[in-house]
Amino acid sequence: MGENNLTAIYFCKLSNGHTDVVDNLAVEEYAKKIPNVRITWQAADLSLTNPDFIVNSVKENNLSRIIIAGDEAGMYKSFFAKALVKAGGKPENVLLASFKEYGALKKSDTDRAKAIVACAVYGVAFEEAAKPDVADVNPNTLVIGGGIAGIQASLEIAGGNQKVFLVEKTGTIGGHMAMFDKTFPTLDCAACILTPKMVDVGQHPNIDLMNYSEVQSVEGVPGDYKVKILKKAKFVDSSTCIGCGTCSEKCPVKVPSEFDSEISLRKAIYIPFPQAVPNKYILDAENCRYIQENGKCGVCQKVCPVPDCIDYTMKDEVVEINVGNIIVSTGFKTFDAKKADQFGYGKFPNVLTSLELERLINAAGPTEGNIVYRTQDKKGNWIFQDGAGVPNKVAVIHCVGSRDENYNKYCSKVCCMYSLKLAHLVKEKIPQADVSEFYIDMRAFGKGYEEFYERIDNEGINIIRGRTATVEQCGKQLKLRSEDIEGSKILEENFDMVVLAVGLEANKDSLDLAKMLGVTVDQDGWLNEANYIGDPVNTFTGGISIAGVCQGPKDIPDTVAQASAAASRVLQSILNGKINKSIKDLSLESIESRAKELSKIMEGKV
Amino acid sequence: MSQRVNPNLKKDLSKYGSKDWNECFHCGNCTAICQLTENESLFPRKTIRQAQMGLKDSLISNVDPWLCYYCGDCSESCPRDANPGELMMALRRWQTVKYEWTGLAGLFYKSLASLIIALVLVAIAIFAIAYTKDFNHEALMHFGHSLEFWLIICVFSIILVPNLIRMFYFTVIKAKVKAPFGSYISGFFFLIGHMFTQIRTFKCDKQTTRWLAHFLVVSGYLSLLVITVFLNWFGTENQLIINLGYITGGLVFIFTFILIISRLSKNRELNKYSHSTDWFFIIWLFLMGLTAFLVRLFIDIDMLTNNFWLYMIHLMIITQWGLLLVPFGKWTHFLYRSFAVYFSNLKIAGLKKQGKL
């Protein structure tokens, strides 16, 4: 370059359909004050059709560098590189300041965006300049959320001979994966992979498993967090319960089973499923007749073979633990299919969500794996019971609640593949069944996934390009209307059962926890990682890592990999005895002055 | 069939009111939710595809935009907010311009200023004519009556019929439709019935009230036309004709007023976006009904001679309407919509004959 480092900055448009974005004008105002910055352009004022304007500006102002700042900075790189070369500059002097990559997404992140731009101007990588101090670390670790991510991370850390506290909100660990029948693309049984890991967690001497518990508050600094955990009363003494199940057998109250996605009923005293870890009974106070109706039952206590095991006076308990690192793996919730009322979920009994079908197909589900119609029991509950008729025509509708401006804009990533898997499983259980899939785009994105798609396609399943517009009850059947885009016709077909491939959404627990931990969330509610590409595990809060779907939709292999990565970060800090403090606590000035220093050192070397 | 891709089509179409359709990712939701789409004419998605690819020739030959009655279901449920219904609307305007042979429709649709200038010029001309007749009210009313008659004849033979022939050329001949002769005849009777009733609307849900308002305006307008031009409403002594005139005139301005209000309130998908030509069409229709009603009322209560300005205004509005807004504006949809169904049926008959259906 003319080696003068004179710079122009182009600010990309930041909308992406969201209104809460970085304040570009404030960043521009700030950038103008950085030495060497000669010109700034806002996307709104500069149309990127005529490179000559850029060429002239570069020549007139004797510029040698152009920085592109914004979310999709890379998209404009070739345009500016060509212009710079035309003006006699070097293409490598077009630099990117990516807001998204370093987690500057919302208006409240404007200071970080400023720091990102400053680093680009000084020619220093953001992560080099934004390096926090280190602190001593408590070797204990807290893992929040006992799904496959939490299980994997806990096992990795405990396997490294370090103490782990694993907090799980429900009665058992296992999360959503425990509900699945098979995994794609190998069609391995999900439980065969998961249950050994669950048992390992339950038995591991280094893991302190707290089920039916929630994180109440987190205080302290990176390396030394004080966490209060609310252990909800189980009304059963876990240390003496032998898991015989007599209490549950005799309990007169039946309520929808959360584990079975509410397609079957459980008792008020229950374990979520037979392989639950820990395998100890829990009494659900909200539905217990004894607790709700002032002692009008008490059957479970009478039949329990262990003296004093069931205690209706048990109280919630708060324990306090000290940890150095925290891994957040709170997972997701599925899209509420009732919101997309054109598909009739909640109105028509045989419109199912994918999670419901998953439980229905599972051999440990309410019908032992037989796919049947949803029917009403004597008390009027719509559940699946053995003996009901078998559907012969099944449709799977993709992208329910995903890729839709009316609900969630983003792709939930897993639905295409799990839908193919479900189609295969239906065909396996009911060989004569006619199974159709209605999709927008087939996103077979992973190793072996395209092959899986081809395999299912060859199994005689109708895979139809075209989003279903409406589902209506038509006698006993459900009428679907869709465009068959490849067949160039309107499809109006009756099906016995319709399965909605619901997308993934951030759950409320993640949002509450993020607030508590000072971790930011993006516009869709997913937790923000420190660096979208280079560091998808750490956050800007020191000692807090994230793993699994709470960071963004992903499948099981990716979740497991990220959980192991999070564990390795934790183990690294424990082995060093030191932990990085929070990047978010670094002031703009300190990042800027460090960037200035580093740039001087670099220039000195040259 | 090869054809040239026109990269400027998007820019061109955006002048007719549609902007978001490039968002479309072809999920097929709009076609599937549409009550009017059929295997022989799949829309709106296929039409969006043609627009996105810049296939201008295909679009000119495509009658599907006229088969859409804009219930708005597609736009409401579109997962991309691509507004397919509004694209169909914009394409109807675009095709109106393409069918029109003088190019004036294109000028008025794209430039509001030129339309306003033309309206002003017509008003001045009427004023000038009145001046040459010394504002003699009987001479002017006589002139106005014959002007209406000749306007209808001329506009029909010089503009509307040639435009319909152009539409036929684009959508049937150029599209290489080979329909059996019988289908031309049988389709024609359906065409006439459909032209006045637009019964196709009933295939859409939730369109009944809208159809009724539209039907009353259309039948009111057509009967008013017959009563004023051929039965000489303003000159007649026949009480039956006078009363019929009041009824039809009232129908026109009352129901156009309702339509104007609903366009202003933007309460439904179909009236969220209004083009300038939509406004001129409906406001002039309203003014025409209202002024005709008042003119006859003033005649009956013997006040017209003292308030001759009223007839002047009426004559200006009638002339602007007949000379500008009918041949070069939205009025033509009355013909194109009906003939589109006719041509589309020819296409289906042709495909059936060739065994492609």
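Residues numbered from 1 in each chain as written. Chains lettered and ligands numbered in written order. Predicted model: local features only at pLDDT ≥ 70, side-chain atom pairs only at ≥ 80, totals over all residues. Heavy atoms only, no water.

Visitor: Help me understand the overall build of chain B in this model?
Guide: Per the secondary structure count, chain B includes 16 helices and zero strands. Taken against the 2.2 N^0.38 rule, which gives 21 Å for 357 residues, the C-alpha radius of gyration of chain B at 22 Å falls within 12% of a compact globule. Seen through its C-alpha atoms, chain B measures out along the principal axes to roughly 65 × 40 × 35 Å. By the burial criterion, 54% of the 357 residues in chain B qualify as buried. Taking the intrachain contacts of chain B between residues at least 6 apart in sequence as the baseline, contacts between residues at least 24 apart amount to 77%. Here chain B has roughly 16,100 Å² of accessible surface; of this, 67% comes from carbon and sulfur atoms. Across chain B, the mean location of the 34 positive side-chain charges is 12 Å away from that of the 21 negative side-chain charges. (Helix = DSSP H or I, 4+ residues; strand = E, 2+ residues; numbered from the N terminus. Rg over C-alpha atoms; globule rule 2.2 N^0.38 Å. Buried < 20%, exposed > 50% of the residue type's maximum accessible area, 1.4 Å probe, protein only. Contact = heavy atoms within 4.5 Å. Areas by Shrake-Rupley, 256 points an atom, 1.4 Å probe, with all protein chains shown as cover. Lys, Arg positive; Asp, Glu negative; His and termini not counted. Charge placed at Lys NZ, Arg CZ, Asp CG, Glu CD.)

Visitor: When you look at the pattern of salt bridges in this model, what are you seeing that I'm missing?
Guide: Pairs can form between side chains of opposite charge once their charged atoms are near each other. Applying the stated rule across the entire model yields 34 salt bridges over all chains. Linking Arg 374 of chain A and Glu 356 of chain A is a salt bridge whose minimum nitrogen-to-oxygen distance equals 3.1 Å. On the criterion of sequence distance, the pair formed by Arg 374 of chain A in strand 19 (residues 374-376) and Glu 356 of chain A in helix 11 (residues 354-361) is long-range, its members being 18 residues apart. Of the two residues examined, Arg 374 of chain A and Glu 356 of chain A, each falls in the buried class. In this structure, the salt-bridge partner of Lys 110 of chain B is Asp 12 of chain B, at a minimum N-O distance of 4.0 Å. Here the residue Lys 110 of chain B occupies a position in helix 8 (residues 104-110), and Asp 12 of chain B occupies one in helix 1 (residues 9-14), the gap between them amounting to 98 residues. Linked through salt bridges whose partners overlap, the residues forming this network are Glu 86, Arg 93, Arg 263, Asp 278 and Lys 330 of chain B. (Salt bridge = Lys/Arg side-chain N within 4 Å of Asp/Glu carboxyl O.)

Visitor: It is not clear to me how the domain arrangement of chain B should be interpreted in this structure. Could you clarify?
Guide: How big an interface is tends to be stated in terms of the accessible area lost upon association of its parts. All names here are of chain B. Partitioning chain B into domains gives domain 1 (7-99) and domain 2 (111-350). Placing a centre on the C-alpha atoms of domain 1 and another on those of domain 2 gives a separation of 26 Å. Buried surface at the junction of domain 1 and domain 2, summed over both partners, amounts to about 3,000 Å²; 55% is from carbon and sulfur atoms. Area buried by domain 1 at its contact with domain 2 is led by Trp 66, Tyr 69 and Tyr 99, which between them contribute 28% of it. One can count one salt bridge joining domain 1 with domain 2. Run the count over domain 1 and domain 2 and you get twelve residue pairs in polar contact (both at pLDDT 80 or more). Counting only elements with at least two residues in the side of domain 1 that touches domain 2, the list comes to helix 4 (56-60), helix 5 (64-67), helix 6 (73-77) and helix 7 (84-99). For the side of domain 1 that touches domain 2, the leading source of residues is helix 7, giving seven residues. For the side of domain 1 that touches domain 2, a count of residues per class yields 13 nonpolar, seven polar and eleven charged. (Domains from an automatic or database assignment. Buried area = accessible area lost by both parts, 1.4 Å probe. Polar contact = N/O pair within 3.5 Å; in protein donor to acceptor, adjacent residues only side chain to side chain. Nonpolar A, V, L, I, M, F, W, Y, C, P; charged D, E, K, R; others polar.)

Visitor: It is not clear to me how the packing of aromatic side chains should be interpreted in this structure. Could you clarify?
Guide: Each aromatic ring pair is summarised here by two numbers: the centre-to-centre distance and the angle between the ring planes. Under the criterion given, the structure shown has 41 aromatic pairs over all chains. Centre to centre, the rings of Trp 41 of chain A and Phe 53 of chain A are 6.5 Å apart; their planes meet at 55°, and the pair counts as tilted. You can see Trp 41 of chain A sitting in strand 2 (residues 37-42) and its partner Phe 53 of chain A sitting in helix 2 (residues 51-61), a full twelve residues away along the chain. Under the relative-accessibility criterion, Trp 41 of chain A is labelled buried at 8%. Both rings, one in Tyr 16 of chain B and one in Tyr 109 of chain B, keep their centres 6.3 Å apart while their planes meet at 40°; by these two values the pair is tilted. Taken together, the positions of Tyr 16 of chain B in the loop between helix 1 and helix 2 (29-33) and Tyr 109 of chain B in helix 8 put the pair 93 residues apart, joining distant regions of the chain. Exposure remark for Tyr 109 of chain B: the relative accessible area of 3% places this residue in the buried category. One aromatic cluster is present, formed by Trp 233, Phe 234, Tyr 246, Phe 253, Phe 257, Phe 286, Phe 293, Phe 308 and Tyr 311 of chain B through successive ring pairs. The ring of Phe 180 of chain A is capped by Lys 421 of chain A, whose NZ or CZ atom sits 5.3 Å from the centre of that ring. One residue, Arg 337 of chain B, lies across the ring of Tyr 69 of chain B, its end atom 4.5 Å from the ring centre. (Phe/Tyr/Trp six-rings, centres within 6.5 Å; stacked < 30°, edge-to-face > 60°. Lys NZ or Arg CZ within 6 Å of the ring centre and 35° of its normal.)

Visitor: How do you make sense of the nonpolar core when you look at a structure like this?
Guide: Generally speaking, soluble globular proteins have nonpolar side chains that are buried together. Ranked by internal contacts, the top residues of the largest apolar core, which has 105 residues, are Met 167, Tyr 221, Trp 233, Trp 321 and Trp 331 of chain B. Top contributing element to this core by residue count: helix 15 (residues 308-328) of chain B, with 13 residues. Inspection of this core shows a minimum of three residues originating in each of domain 1 (7-99) and domain 2 (111-350) of chain B. Every residue in contact with Trp 233 of chain B, bar those within four places of it in the chain, is listed here: Leu 224, Ile 227, Thr 228, Ile 241, Ile 242, Gly 245, Tyr 246, Ala 292, Phe 293 and Arg 296 of chain B. Counting 64 residues, the second largest nonpolar core, distinct from the first, contains Phe 335, Phe 348, Ile 361 and Leu 422 of chain A. (Core = buried A, V, L, I, M, F, W, Y, C linked by side-chain atoms within 4.5 Å.)

Visitor: Sorry, what's going on with the interface of chain B and chain A here?
Guide: With 21 residues of chain B at the interface, the matching set in chain A holds 17 residues. The largest per-residue losses of area from chain B upon contact with chain A belong to Phe 25, Ala 32 and Pro 79 of chain B, which jointly make up 31% of the total buried on that side. Run the count over chain B and chain A and you get one salt bridge. Two residues, Glu 483 of chain A and Arg 45 of chain B, come together in a salt bridge whose shortest N-O distance is 2.8 Å. On the surface where chain B and chain A come into contact, there are nine residue pairs in polar contact (both at pLDDT 80 or more).

Visitor: Got a minute to help me understand the sheet that holds strand 15 (residues 317-323) of chain A in this structure?
Guide: The pairing of strands in a sheet comes from backbone hydrogen bonds and takes either a parallel or an antiparallel form. Residues and elements named next belong to chain A. As summarised here, the arrangement of the three strands in space is 9-10-15, forming an open sheet in which the pairing is antiparallel. The open sheet has two edge strands, strand 9 (213-221) and strand 15, and neither has a second partner. The sheet shows a mean angle of 20° between the axes of neighbouring strands, direction not considered. Judged from the eight bridges that link them, strand 9 and strand 10 (residues 224-231) form a sheet pairing that is antiparallel. From the neighbouring strand, Ser 213 faces strand 10, where its bridge partner is Lys 231. (Pairing = 2+ DSSP bridges. Axes fitted to C-alpha atoms, helices over the stretch in contact; angles between N-to-C directions.)

Visitor: Sorry if this is basic, but what is going on with a nonpolar patch on the surface here?
Guide: A surface patch of nonpolar side chains, about 540 Å² in accessible area, is lined by Leu 112, Ile 116, Ile 117, Val 120, Leu 121 and Ile 124 of chain B. Mapped onto the secondary structure, Leu 112 of chain B falls in helix 9 (residues 112-132). (Patch = residues over 30% accessible without salt bridge, like charges linked within 9 Å, V, L, I, M, F, W, Y side chains within 5 Å.)

Visitor: I would appreciate a short explanation of the state of the cysteines in the present structure.
Guide: Covalent bonding between the sulfur atoms of two cysteines defines a disulfide. Residues and elements named next belong to chain A. As enumerated under the stated definition, the model contains one disulfide over all chains in all. Cys 288 takes part in no disulfide bond, and the closest cysteine sulfur, belonging to Cys 300, lies 5.8 Å away. Classification of Cys 288 as buried rests on a relative accessible area of 7%. (Disulfide = S-S within 2.5 Å.)

Visitor: Would you mind showing me how to read the packing of helix 10 (residues 137-173) of chain B against helix 16 (residues 333-353) of chain B here?
Guide: Two numbers describe a pair of packed helices, the interaxial angle and the distance between the axes. All names here are of chain B. For the pair helix 10 and helix 16, interaxial distance at closest approach is 11 Å and the crossing angle is 30°. The angle between helix 10 and helix 16 falls in the class roughly parallel. Viewed along their axes, helix 10 and helix 16 form a crossing whose handedness is right-handed. Contact with helix 10, carried on its side by Leu 160, Asn 163, Leu 164, Met 167, Phe 168, Thr 171 and Val 172, involves Leu 335, Tyr 336, Phe 339, Ala 340, Phe 343 and Leu 346 of helix 16 and no other residues of that element. Within the contact of helix 10 with helix 16, the residues separate by chemical class into eleven nonpolar, two polar and no charged. (Parallel < 35°, antiparallel > 145°, perpendicular 65-115°, else oblique. Left-handed = near helix turned anticlockwise from the far one by under 90°.)

Visitor: Please explain a negative patch on the surface as it appears in this structure.
Guide: Residue and element names in this part refer to chain A. Taken together, Glu 450, Glu 451, Glu 454 and Asp 457 make up a surface patch of like negative charges. Along the polypeptide, Glu 454 turns up in helix 13 (residues 449-457). For Glu 454, a relative accessible area of 44% gives the class partly exposed.

Visitor: What is the right way to read the environment of Lys 596 of chain A from this model?
Guide: With respect to the helices, strands and loops of the structure, Lys 596 of chain A is situated in helix 16 (residues 588-605). Separated by 394 residues in sequence, Lys 596 of chain A and Gly 202 of chain A place their C-alpha atoms 51 Å apart.

Visitor: Is there a simple way to explain helix 16 of chain B in this structure?
Guide: Along an α-helix, residues three or four apart share an orientation, since each turn contains 3.6 residues. Residues and elements named next belong to chain B. Given a rise of 1.5 Å per residue, 21 residues ought to cover 30 Å, and the 29 Å separating the end C-alpha atoms of helix 16 matches this to within 8%. For helix 16, a buried count of 16 out of 21 residues is recorded, marking the element as mostly surrounded by other parts of the structure. Positioned one or two residues after helix 16, Gly 355 has a phi angle of 75°, which is positive. (Expected span 1.5 Å × (residues − 1).)

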